[in-house]
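Architecture at a glance
What follows is each chain in one-letter form.
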Amino acid sequence: MIIKGYSDGPFGQIHWRMLEPEQTPTQPDLYCLHPAPFSGLAYRSIMPFLARDRRVIAPDFPGHGGSDSFKPEPSIGEYARAMMAVVEDLSLEAPVDVTGFHTGNLVAVEMALENVGHIRKMALVDVPAFDPETRAKFLPTAGKPLNITPDLSCLEKAWDMGMTKRLESQGPDRSFEMFVEQLRHGTGMNAAFHAAFSYDVEDRLPAVTCPSLILASQSGLLEATRRAAGLVPTARLVERLDIKRAVLDEAAEQTAAEIVRFLDEADR
């Protein structure tokens, strides 16, 4: 059973979900870092496949899900500090692993860079390692605050992202759940996009030193993910082009198998 709780962070309380294995854990805790504009709820379907020998924790970034509200233009570094507060609360000083999806990958990288030795391994899935020109192009529109109006048209983009594009692979209930989760952020719905498109991947990714899996699915981020693998010196690129949608839901078992295989390998 997934339990929920809160940890105190540098920017207020951080909400998290945790799933423990049936037996005593034998592997380090695994922290799951969610994509924009959602929350740790994005990992609910995949958590059981990840938690067979380890505790799995999916926190919500500040301003997302059940966490306290946050400023409109946060940074990846601030999200990483908040996530490390959860790590220090739940895992104390023990080494932990992290996995991310989309924006969550950048937070994972920053956690690893600022906490060498505490983050043991990273498993990054579909990484938005866009070039500077692409980031500059999308930042003004993707990262701007949501303009809430009396007209429902202001929710069309959220409906398309959370509902329309997910119906076939996730069904109406899960799709609607993810649509609603975006709306909890109010005007801050796009804040994590601002953080992601402001992040200097060319400067930060080459500094990674911990063992890293970069897992690419057949998605719109395929080329950006391949680019990330070229930037991270410790990266092992695995391409699963048979996974074409719903990486954390419909393809949860396949995605988890690749992550667990990497995390469970003996250090070389």
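Look a little higher up for the structure.
Residues numbered from 1 in each chain as written. Predicted model: local features only at pLDDT ≥ 70, side-chain atom pairs only at ≥ 80, totals over all residues. Heavy atoms only, no water.

Some words on the pairing of strand E4 (residues 56-59)
The alternating pattern of E4 places Val56 and Ala58 and Ile57 and Pro59 on opposite faces, both of which are buried. When strand E2 (residues 12-19) meets E4, the two strands line up antiparallel, connected through 4 bridges. Within E4, the position partnered with Met18 by the bridge is Ile57. Across 2 bridges, strand E3 (residues 30-33) lies against E4 in parallel orientation. Paired with Tyr31 across the strands is Ile57, a residue of E4. (Buried < 20%, exposed > 50% of the residue type's maximum accessible area, 1.4 Å probe, protein only. Helix = DSSP H or I, 4+ residues; strand = E, 2+ residues; numbered from the N terminus. Pairing = 2+ DSSP bridges.)

A closer look at the environment of Arg174
For Arg174, the position within the fold is in helix H6 (residues 167-183). Considered as a pair, Arg174 and Met163 are 11 residues apart in the sequence and their alpha carbons are 8.6 Å apart. Beyond its immediate stretch of four places on either side in the chain, Arg174 contacts Leu41, Ala42, Tyr43, Arg44, Ser45 and Asp249. Polar side-chain contacts of Arg174 include one of 3.0 Å to the side chain of Glu177. Within the local environment of Arg174, its side chain forms a polar contact with the side chain of Asp249, the two groups lying 3.0 Å apart. (Contact = heavy atoms within 4.5 Å. Polar contact = N/O pair within 3.5 Å; in protein donor to acceptor, adjacent residues only side chain to side chain.)

Here's the deal with the side chain of Asp126
With respect to the helices, strands and loops of the structure, Asp126 is situated in the loop between strand E6 (119-125) and helix H4 (132-142). No salt bridge is formed by the buried Asp126. Its closest oppositely charged neighbour is Arg226, at 9.6 Å. Of note is the side chain of Asp126, whose polar atom sits 2.7 Å from the side chain of Ser217. With residues up to four places along the chain from it excluded, the contact list for Asp126 reads Phe101, His102, Asn105, Leu215, Ala216, Ser217, Ser219, Leu221, Thr225 and Val247. (Lys, Arg positive; Asp, Glu negative; His and termini not counted. Salt bridge = Lys/Arg side-chain N within 4 Å of Asp/Glu carboxyl O.)

Considerations on the sheet that holds strand E5 (residues 96-101)
For sheets, the rule is that strands pair by backbone hydrogen bonds, running either parallel or antiparallel. Spatially, 8 strands are ordered E1-E2-E4-E3-E5-E6-E7-E8 in an open sheet, and the strand pairing comes out mixed. With one partner strand each, in any of the chains shown, strand E1 (3-9) and strand E8 (235-240) form the two edges of the open sheet. Averaged over all adjacent pairs, the angle separating strand axes in this sheet is 25°, with direction ignored. With 4 bridges connecting them, E3 and E5 associate as parallel partners. Within E5, the residue paired with Leu33 across the bridge is Gly100. On the sheet, helix H3 (residues 103-114) packs against E3, E5 and E6 and is oriented at approximately 160° with respect to E6. (Axes fitted to C-alpha atoms, helices over the stretch in contact; angles between N-to-C directions.)

A short note on the nonpolar core
Grouped together as the largest cluster of nonpolar side chains are 48 residues, with contacts concentrated most on Val107, Met111, Met122 and Leu205. At 9 residues, helix H2 (residues 76-90) tops the list of elements feeding residues into this core. Here Leu205 is in contact with Val109, Ala129, Tyr199, Ala228, Leu231, Val232 and Pro233, once residues within four sequence places are set aside. Grouped together as the second largest cluster of nonpolar side chains are 30 residues, Cys32, Ala51, Ala251 and Val260 included. (Core = buried A, V, L, I, M, F, W, Y, C linked by side-chain atoms within 4.5 Å.)

In short, the description is geometric, and any link to function would need to be established separately.
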